[in-house]
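Topology and contacts: notes
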Amino acid sequence: MRFHLEASFRLSADACKAEAAVSDFFAKAGPILEKGAPEGQGAKVTEWKLAGNRIDLVIDSDRFVRAHDALLRLRRPLSELLGKQFRIGVRGLDVNKFEIEVESERGIEHKIPYVREIRFEGGRLYLSLDVGKSGTLGQAEIENRIPDRIISLLEDKLQKSYGGKTEHWELLWESAAREPKFIRDPTEEMQKAGWIKHGSSRGQWIYGPEATHVFRTFEKIVLAEIIEPLGYSEMIFPKLDTWDVWKKSGHAQGVYPEIYFVCPPKTRDPAFWEEVMDYYKVTHEVPLDLVKEKIDVPIGGMCYAQCPTFWGFLQGMTLPNAELPITVFDRSGTSHRYESGGIHGIERVDEFHRIEIVWLGTREQVLEQAEKLKVCYKHIFEDILELTWRTAWVTPWFMAQEGKTGLAEMSGAGTVDYEAVLPYNGNWIEFQNLSVNGEKYPKGFTVKAQSAESLWSGCSGVGLERWASAFLSQKGLDPANWPTAFRKHFGEMPKGIRFL
């Protein structure tokens, strides 16, 4: 990897009297530019010129000390030299040209922010960064480590195009096979029985009294077997995630293809919206193109992962040791994901219902809490629902983004997926998960413990649609085929709504 940077330091005054001192500074800058690199490696100032109140310089470097880092390293000692001896300040820096050279087996067609051109020649990729005008790579972007993120993004795209790492999946435990009581698609059968109907939006269902009672029974079981015994407290998490939340949680790295965006109106003034309302009154059609002109940019999206908004309650705070671990849950609203072509029945939907379980504390407390939850889940799935199911270690989303996939890289953090077989098609469905997220959320939201020990957290989402898919696909809709323990929680089947 090679870097070529042409940049300028802007000075507060003409520095012609300082030329000899500046020349001596650059001649002796080796230790600054090579610090941390192997012997003979690092960055070098290959050209420089003093032009009135500007110092132009060219920096060539390798991967050990990247050229933009070298530029920042030079700024402070140069400022001290000019300030003390000549009363001249370094006001800022400009980037005039920035090129990066990366070894690669193939080209890349993806667009990358701040990259004007990418070309592939002789086993190398040549990147020309967009510099020299407003809105392109400049001082703020250099200070904000944008070039490093460009390199990381490029490496990630190259790894994917080479077939890179696939998601880790490793079987942990599998139940004994149980003879299914049912071999048909439960969604189709619930529709026929009048338990559910399609909602007006894609991937959305309206649940009748029977299906809703099944959902509420799952909730009752979770409360009785997990929430109450383990002492979790109920909270209400917001169901609109702003960009600020997603930046801190890490979702802003790649959530865009799957979220429902939320755009506020540009104004609430009825006069501003009068033509929209008049159009509808005349045509009985909503003028969507006109509406699009009158809504503002997205402020975020509808609830995607449920727990990130909880962290705003703790953001920037220090927790007393005596309060740890903190154990809470939320069941106050729907979650939404745009599943594209992947929607199917109630198994994979755009609007779904979950109980989100969240805990945080020391590393030991979080791992201990995870084990307690695993015991509870096993009891529910084995003794109450009597499912054919299994568990597996999988790569959690936040580690996949960092290229980490193996168990050895997880150090106690990671995700366990719970999967159940669907007898009608023989596939396995992930119907439950449990994640130990390590320090990710406490660090992202700057939450600290009274002690110097860092905080960890975990979360586990109980998806009611997924539980229903797993349970009903194996047991069917007839309560006579349901396990005795589940029927005790369920009670009487409510009267549904019938039609002529």
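Residues numbered from 1 in each chain as written. Predicted model: local features only at pLDDT ≥ 70, side-chain atom pairs only at ≥ 80, totals over all residues. Heavy atoms only, no water.

What follows is about the environment of Val-90. Within the secondary structure layout, Val-90 lies in strand E4 (residues 90-103). Exposure remark for Val-90: the relative accessible area of 19% places this residue in the buried category. Residues Val-90 and Ala-13, 77 residues apart in the sequence, show an inter-C-alpha distance of 9.1 Å. The contact partners of Val-90, leaving out residues within four places of it in the chain, are Phe-9, Arg-10, Leu-11, Arg-75, Ser-79 and Leu-82. (Helix = DSSP H or I, 4+ residues; strand = E, 2+ residues; numbered from the N terminus. Buried < 20%, exposed > 50% of the residue type's maximum accessible area, 1.4 Å probe, protein only. Contact = heavy atoms within 4.5 Å.)

What follows concerns the sheet that holds strand E13 (residues 300-302). The sheet built from three strands is open, its strands ordered E11-E13-E12 with antiparallel pairing. A strand with exactly one partner marks an edge of an open sheet, and here the two such strands are strand E11 (240-242) and strand E12 (261-262). By the bridge criterion, three bridges tie E11 to E13 in an arrangement that is antiparallel. Among the inter-strand pairings, Thr-242 is bridged to a residue of E13, identified as Gly-300. (Pairing = 2+ DSSP bridges.)

As a further point, take the nonpolar core. Core analysis: the largest hydrophobic core is formed by 55 residues, its most contacted members being Ile-357, Tyr-377, Phe-381, Leu-385 and Trp-467. At nine residues, the largest contribution of residues to this core is made by helix H7 (residues 209-230). Beyond its immediate chain neighbours, meaning those up to four positions away, Phe-381 contacts Glu-386, Leu-387, Trp-389, Tyr-418, Phe-431, Gln-432 and Trp-467. By size, the runner-up hydrophobic cluster in this structure holds 49 residues, among which are Leu-72, Val-90, Val-102 and Val-131. (Core = buried A, V, L, I, M, F, W, Y, C linked by side-chain atoms within 4.5 Å.)

Below, the discussion takes up helix H6 (residues 186-193). The set of residues buried in H6 consists of Pro-186, Thr-187, Glu-189 and Met-190. One face of H6 carries all of its buried residues, which in axial projection span an arc of 165 degrees. Tucked inside the fold, the buried residues of H6 contact strand E8 (196-198), strand E9 (205-207) and helix H14 (464-475). Looking at the residues trailing H6, positive phi occurs at Gly-194, about 80 degrees. (Arc of directions from axis to C-beta.)

A few words on the pattern of salt bridges. The final tally for this structure, using the stated rule, is 29 salt bridges. Of the charged contacts, one joins Arg-331 and Glu-219 as a salt bridge, the two residues approaching to 3.9 Å between their closest N and O atoms. In this pair, Arg-331 is assigned in the loop between strand E15 (326-330) and strand E16 (334-336) and Glu-219 in helix H7, connecting sequence segments 112 residues apart. Note on Arg-331: relative accessible area 32%, which makes it partly exposed. Look at Glu-219 and you get buried, because its relative accessible area is 10%. Put simply, Arg-331 and Glu-234 hold a salt bridge, and the shortest N to O gap is 2.9 Å. Residue Arg-331 is located in the loop between E15 and E16, and its partner Glu-234 is located in strand E10 (residues 233-234); the two are separated by 97 residues in the primary sequence. Salt bridges linked by common partners bring Arg-66, Asp-69, Arg-145 and Asp-148 together as one network. (Salt bridge = Lys/Arg side-chain N within 4 Å of Asp/Glu carboxyl O.)

What follows covers the environment of Ile-88. Along the chain, Ile-88 turns up in the loop between helix H3 (67-86) and E4. Residues Ile-88 and Met-277, 189 residues apart in the sequence, show an inter-C-alpha distance of 62 Å. Ignoring anything within four residues of it in the chain, the contact list for Ile-88 reads Leu-11, Ser-12, Ala-13, Asp-14, Ala-15, Ser-79, Leu-82 and Gly-83.

Turning next to helix H9 (residues 270-283). Taking 1.5 Å per residue, 14 residues should reach 20 Å; H9 reaches 19 Å between its end C-alpha atoms and fits that length. Capping the start of H9, Asp-269 holds a side-chain oxygen 3.0 Å from the backbone nitrogen of Ala-271, two or three residues further along. (Expected span 1.5 Å × (residues − 1). Polar contact = N/O pair within 3.5 Å; in protein donor to acceptor, adjacent residues only side chain to side chain.)

With antiparallel pairing, the six strands of this open sheet are ordered in space as E2-E3-E1-E4-E6-E5. Only two strands of the sheet have a single partner each, and these edge strands are strand E2 (43-50) and strand E5 (115-121). On average, each strand axis in the sheet is inclined to that of its neighbour by 15 degrees, with strand direction left out of account. Here eight bridges tie strand E1 (residues 2-11) to strand E3 (residues 54-61), and the two strands are oriented antiparallel to one another. Pairing of Leu-5 across the sheet is with Ile-59, part of E3. (Axes fitted to C-alpha atoms, helices over the stretch in contact; angles between N-to-C directions.)

A cis geometry characterises the amide bond from Leu-324 onward to Pro-325, with omega recorded as 0 degrees. Residue placement: Pro-325 occurs in the loop between strand E14 (318-319) and E15. Even without a glycine there, the phi angle at Gln-306 is positive, about 75 degrees. You can see Gln-306 is positioned in the loop between E13 and E14. On the basis of relative accessibility, which here comes to 1%, the residue Gln-306 falls in the buried class. Despite not being glycine, Glu-386 shows a phi value in the positive range, around 55 degrees.

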